[in-house]
Amino acid sequence: MEKPKDNKKQIPEFELEVFKKSIKNFENSITQLQDKIKNHEYSVVVGDDISGRLPALVIYGLLKRIYKKDGVDQPKILFFKGKRWFSENKKKEEWKKNLIEELKDIKEKAFIKEKEKTLLVTEYIQNNNTILNFMEPLYKSGLPYDVLSLSRNIDAEYFREGELKVYDGGIVSKKSEGIPFWPDVTLKLSGVKSPKKEEEAEPFALRRKKNIKNVAIARNDVKKMIDYLEDYYYNLIK
């Protein structure tokens, strides 16, 4: 299906530069995922913390609205800090084991269920290492998943057909060019913990000096992007 010629809703006046720069990436992502969204395929959104958090909140918020309108079960959201490099294999295996245990604990508390299709949202793919590290823990926890990356390095290789489905909202030539959420985000936010209950899925945990203004701005811009993409999505599928 082709992109709509124009979106009825005007582009919002975002306060954060990361949202101004990423709107086309989000549009491209929704265009690619439109059929999956329409069929309500994703029950869980996983955000790759830290810089993947705001994109994950946008995608989760959009799915939540659409699913509610369609009268189906609401999606859930989890945040995990990805890991690209390990100094030794022992540390890598320990990290995977800890993530599997955390997912087991979440499942036992009935926040997520076996075989729920998951969308892992990250801000950027440089070489696939972070995504590959997530693969084993999620699969062993019974969570088949696709990947959405807002952008990727032009040299990043896709996974082999049938191994993992990866969508991306844009391609950049170098890591330092055109990556809205990487790594110099003006917000100093970190420390997201996976929720035991949906109402505990607090997306912003501040580090160092608290900056309530930044949190409020981020929340507002997330909502603006969801509003815009909701209109964009329905314009796509009509």
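Residues numbered from 1 in each chain as written. Predicted model: local features only at pLDDT ≥ 70, side-chain atom pairs only at ≥ 80, totals over all residues. Heavy atoms only, no water.

What follows deals with unusual backbone geometry. Trans is the prevailing form of peptide bonds, just as negative phi is the prevailing case for residues other than glycine. For His40, which is not glycine, the phi dihedral falls at a positive 55°. Locating His40 in the fold gives a position in the loop between helix H1 (17-38) and strand E1 (44-49). (Helix = DSSP H or I, 4+ residues; strand = E, 2+ residues; numbered from the N terminus.)

Moving on, we get to helix H4 (residues 129-140). When H4 is considered as a whole, its buried residues turn out to be Thr130, Ile131, Asn133, Phe134, Met135, Pro137 and Leu138. On its buried side, H4 packs onto E1, strand E2 (76-81), helix H3 (89-108), strand E3 (118-122) and strand E4 (145-149). Just downstream of H4 lies Gly142, where phi reads positive at about 75°. (Buried < 20%, exposed > 50% of the residue type's maximum accessible area, 1.4 Å probe, protein only. Contact = heavy atoms within 4.5 Å.)

Extensive coverage of E3 is indicated by the burial of 5 of its 5 residues. Residues Thr118, Leu120 and Thr122 point to one face of E3 and Leu119 and Val121 to the other, with burial holding for every one of them. Here 4 bridges tie E1 to E3, and the two strands are oriented parallel to one another. Residue pairing for E3: Val45 is matched across the bridge by Leu119. (Pairing = 2+ DSSP bridges.)

Summed over the entire model, instances satisfying the criterion amount to 5 aromatic pairs. Geometrically, the ring pair formed by Tyr233 and Tyr234 is edge-to-face, given 5.0 Å between the ring centres and 70° between the ring planes. A cation over an aromatic ring shows up here: Lys165 above the ring of Tyr167, its NZ or CZ 5.3 Å from the ring centre. (Phe/Tyr/Trp six-rings, centres within 6.5 Å; stacked < 30°, edge-to-face > 60°. Lys NZ or Arg CZ within 6 Å of the ring centre and 35° of its normal.)

Before going further, it helps to spend a moment on the pairing of E2. Most of E2 is tucked away, with 5 of its 6 residues classed as buried. Here E1 pairs with E2 via 6 bridges, running parallel. Within E2, the residue paired with Val44 across the bridge is Lys76.

Pairing is parallel in the open sheet, where 5 strands are placed in the order E2-E1-E3-E4-E6. Because the sheet does not close on itself, it has two edges, and the strands there are E2 and strand E6 (166-168). Adjacent strand axes in the sheet meet at a mean angle of 25° when their direction is disregarded. On the sheet, H4 packs against E1, E2, E3 and E4 and is oriented at approximately 155° with respect to E4. (Axes fitted to C-alpha atoms, helices over the stretch in contact; angles between N-to-C directions.)

Moving on, we get to the confidence of the model for the protein. Across the protein, the average pLDDT comes to 81, with 79% of residues at or above 70. Averaged pLDDT values for the elements of the protein fall to 85 in strand E7 (residues 171-172) and rise to 95 in helix H2 (residues 53-70). Within the model, pLDDT remains below 50 along residues 185-210, and this stretch shows 64 contacts once partners closer than five positions in the same chain are excluded. (pLDDT = per-residue confidence, 0-100.)

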